[in-house]
Amino acid sequence: MSDPFFQPVSGIDLPRFAGVPSFMRLPHLSPIDPRYADVQIGIVGIPWDSGTTNRSGPRHGPRQLRDLSTMIRSGNPVTGVNPFEAVNCADLGDISPNPVDIIDCMARITAFYDVLKSHGITPMTAGGDHLSSLPVLRALARDNPVGLIQFDSHTDLFDSYFDGNKFTHGTPFRRAIEEGLVDPNRMVQIGIRGTSYNSEDIEWGEAQGVRIIRIEEFFDRGIKDVMTEAREIVGADPTYCTFDIDFVDPAYAPGTGTPEIGGPTSYQAQQVIRELAGLNLIGADLVEVSPPFDPNGTTAWLGASLMFELLCVLSQGT
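Quick summary incoming for the structure in this document. It should be emphasised that the depicted structure is a prediction, and the values quoted were computed from it without experimental measurement. (Residues numbered from 1 in each chain as written. Predicted model: local features only at pLDDT ≥ 70, side-chain atom pairs only at ≥ 80, totals over all residues. Heavy atoms only, no water.)

**Re the nonpolar core**
Ranked by internal contacts, the top residues of the largest apolar core, which has 53 residues, are F151, I190, F243 and L276. Counting residues per element, this core draws most heavily on helix α10 (residues 298–315), at 11 residues. The residues touching L276, leaving out its near neighbours within four places in the chain, are I149, F151, M227, R231, C241, L281, L310 and V313. Counting 39 residues, the second largest nonpolar core, distinct from the first, contains I46, Y113, V146 and A176. (Core = buried A, V, L, I, M, F, W, Y, C linked by side-chain atoms within 4.5 Å. Buried < 20%, exposed > 50% of the residue type's maximum accessible area, 1.4 Å probe, protein only. Helix = DSSP H or I, 4+ residues; strand = E, 2+ residues; numbered from the N terminus. Contact = heavy atoms within 4.5 Å.)

Structure below.
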C-alpha cells in the first residue's frame, strides 16, 4: 500500500501550471523533516557547471528540469510501472554549490550524498555538468567500486585540460577509475561519437578494460543486442547509471554544452533505459541539460521524461 504523503500532486487536483514546481510534483523535504527517514528514492539537483570547458549553462538545468517535470504523470504505459506507488519518492532539493571553487564544491556534493547514503536513500540526480558524477560516486562507491553504465557521446576519460587541470566535465570517469570508485572491467560506455583532438581517452579506457561502444556499432547491432552485452558486463553487482543528454541527437536535445550529430532519437533513449530493468542500480543521474541553449525547454522536457524512465527502473530495485 503506497503512502499518500509521497504521491505527486495530481493535475486533476491542481493544474500543472499552478503550484511550486518540485520534481514531478513530489513533496519537497529537507534532512530535518520528520518524513525524511521514510524516503526511498530522492531526486536531487546539482546546479553546477564549473567543469564546463566551452558552452556553460547546465547550472541552470535542475531548475528547468523541475519546471518541465510537472508535466509527468504517474504511470508508465509501456512498462506498467508507477514508481510513486512502488516506493516513497521525494524532491530532496539542491546541493548548495560553490560556483568559484571546484574542489570545495565537489566536497559539498559528496557530503550531501553521504547523508543520503546514511539514510539508505537511492539518489536520482539532475545535473549540472558531467563532472557532477564524480563527487556523487565518491559518496556512493566509497566502500567498494561499482559498475557503471554510461550513455554519452563522449567518454569523459581524458586526463587533463589546460596546464594539467584534472577536474573538468571531460575527466570525471578517468578520476573515478583512478580513485577506485568504478571497476573498469564492469564499465560500459554507449553512444560514443563526434570529432576529437586525439584518441587518448579511447586508448586509455580500453587499456583499463572499459567497454566502449561507438554509435556505429550501436546502430549496426541494435538496442536489444547492445543492452544485453551491457547487462552482462555489469552483472548482478552494484551499478551506477549516468546519462548525458548529449547521448541523444541534437535534433531532439539541442540544449547541451557539446552536442554531437548522428545520435539516437528520443524514443531510442527511452528504450535503452527500459533495458536496465532488473539490474542492481544504486543510483542514476541525468546531466548536461543547458537551458541557455534551448530556452523553449525541449531538451529539459526530454530530460525530465528520461528521468522518469530512470525512476521507474530504480523503483523496481529499491
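There's plenty left to go through after this.
**Here we look at the sheet that holds strand β4 (residues 146–151)**
Reading across the sheet, the 8 strands line up as β2-β1-β3-β8-β7-β4-β5-β6 and stay open at both edges, with parallel pairing between neighbours. Among the strands making up the open sheet, the edge pair consists of β2 (89–94) and β6 (211–214). This sheet shows a mean twist of 15 degrees between the axes of neighbouring strands, independent of strand direction. Bridge count for β4 against strand β5 (residues 182–192) is 5 bridges, and the pairing is parallel. Paired with I149 across the two strands is V188, which belongs to β5. Its contacts with the sheet put helix α4 (residues 133–140) on β1 (41–46), β3 (122–127), β4, β5, β7 (239–244) and β8 (281–287), and the angle it makes with β7 is roughly 170 degrees. Seen against the sheet, helix α8 (residues 223–234) touches β4, β5, β6 and β7 and runs at an angle of roughly 165 degrees to β5. (Pairing = 2+ DSSP bridges. Axes fitted to C-alpha atoms, helices over the stretch in contact; angles between N-to-C directions.)

**Some thoughts on the layout of surface pockets**
Approximately 920 Å³ is the volume attributed to the largest pocket. What lines the largest pocket is a set of 35 residues, and nearest its centre among them are H154, F158, T195, S196 and Y197. Looking at which element gives the most residues to the lining of the largest pocket, the answer is helix α6 (residues 200–208), with 3 residues. (1 Å grid on protein atoms, 1.4 Å probe; cavity = no way out; pocket = protein on both sides within 12 Å on 5 of 7 lines; lining within 4 Å. Points joined across faces, edges and corners; volume = space filled by probe spheres on them.)

**Overview of the packing of aromatic side chains**
One pass over the structure, following the stated rule, counts 9 aromatic pairs. A ring pair is formed by F5 and F6, whose centres lie 5.0 Å apart and whose planes are at 85 degrees; its orientation type is edge-to-face. Both rings, one in F112 and one in Y113, keep their centres 5.8 Å apart while their planes meet at 55 degrees; by these two values the pair is tilted. Given the relative accessible area of 0%, Y113 is considered buried. Note that R35 overlies the ring of F5, its terminal NZ or CZ placed 4.9 Å from the centroid. One cation-aromatic arrangement involves R55 over F293; the distance from NZ or CZ to the ring centre is 3.8 Å. (Phe/Tyr/Trp six-rings, centres within 6.5 Å; stacked < 30°, edge-to-face > 60°. Lys NZ or Arg CZ within 6 Å of the ring centre and 35° of its normal.)

**Points about α6**
Where α6 is concerned, the buried positions are D201, I202, W204 and G205. Among the structural elements, α5 (172–178), β5 and β6 are those in contact with the buried residues of α6. The first or second residue beyond α6 is G209, which carries a positive phi of 110 degrees.

**Looking at the packing of helix α9 (residues 266–274) against α10**
Contact pair α9 / α10: the axes reach a minimum separation of 9 Å and the direction vectors enclose 20 degrees. Judged by the inter-axis angle, α9 sits roughly parallel to α10. Viewed along their axes, α9 and α10 form a crossing whose handedness is right-handed. Each of S266, A269, Q270, I273 and R274 in α9 lies in contact with α10, whose residues at this interface are L302, L306, E309, L310 and V313. (Parallel < 35°, antiparallel > 145°, perpendicular 65-115°, else oblique. Left-handed = near helix turned anticlockwise from the far one by under 90°.)

**Overview of the packing of helix α1 (residues 61–69) against α10**
Remark: α1 packs on α10, axes separated minimally by 8 Å, with the N-to-C direction vectors making an angle of 75 degrees. Considering the angle they form, α1 stands roughly perpendicular to α10. Residue-level contacts link Q64, L65, L68 and S69 of α1 to A300, W301, G303, A304 and M307 of α10. Considering only residue class, the contact of α1 with α10 consists of 6 nonpolar, 3 polar and no charged. (Nonpolar A, V, L, I, M, F, W, Y, C, P; charged D, E, K, R; others polar.)

**Let's talk about the environment of L26**
Residue position: L26 is located in the segment before β1. When the C-alpha positions of L26 and A90 are compared, they lie 5.4 Å apart, and in sequence the two are 64 residues distant. L26 has contacts with F6, Q7, P8, I43, F84, C89, A90 and D91, leaving out every residue within four places of it along the chain.

**Observations regarding the state of the cysteines**
Applying the stated criterion to the full structure yields 0 disulfides. Between C89, a cysteine without a disulfide, and C312, which holds the nearest cysteine sulfur, the sulfur-to-sulfur distance is 9.2 Å. A residue is classified by how much of its surface remains accessible, and C89, at 0% relative accessible area, is buried. (Disulfide = S-S within 2.5 Å.)

As far as function goes, none of this settles anything; it's purely spatial.
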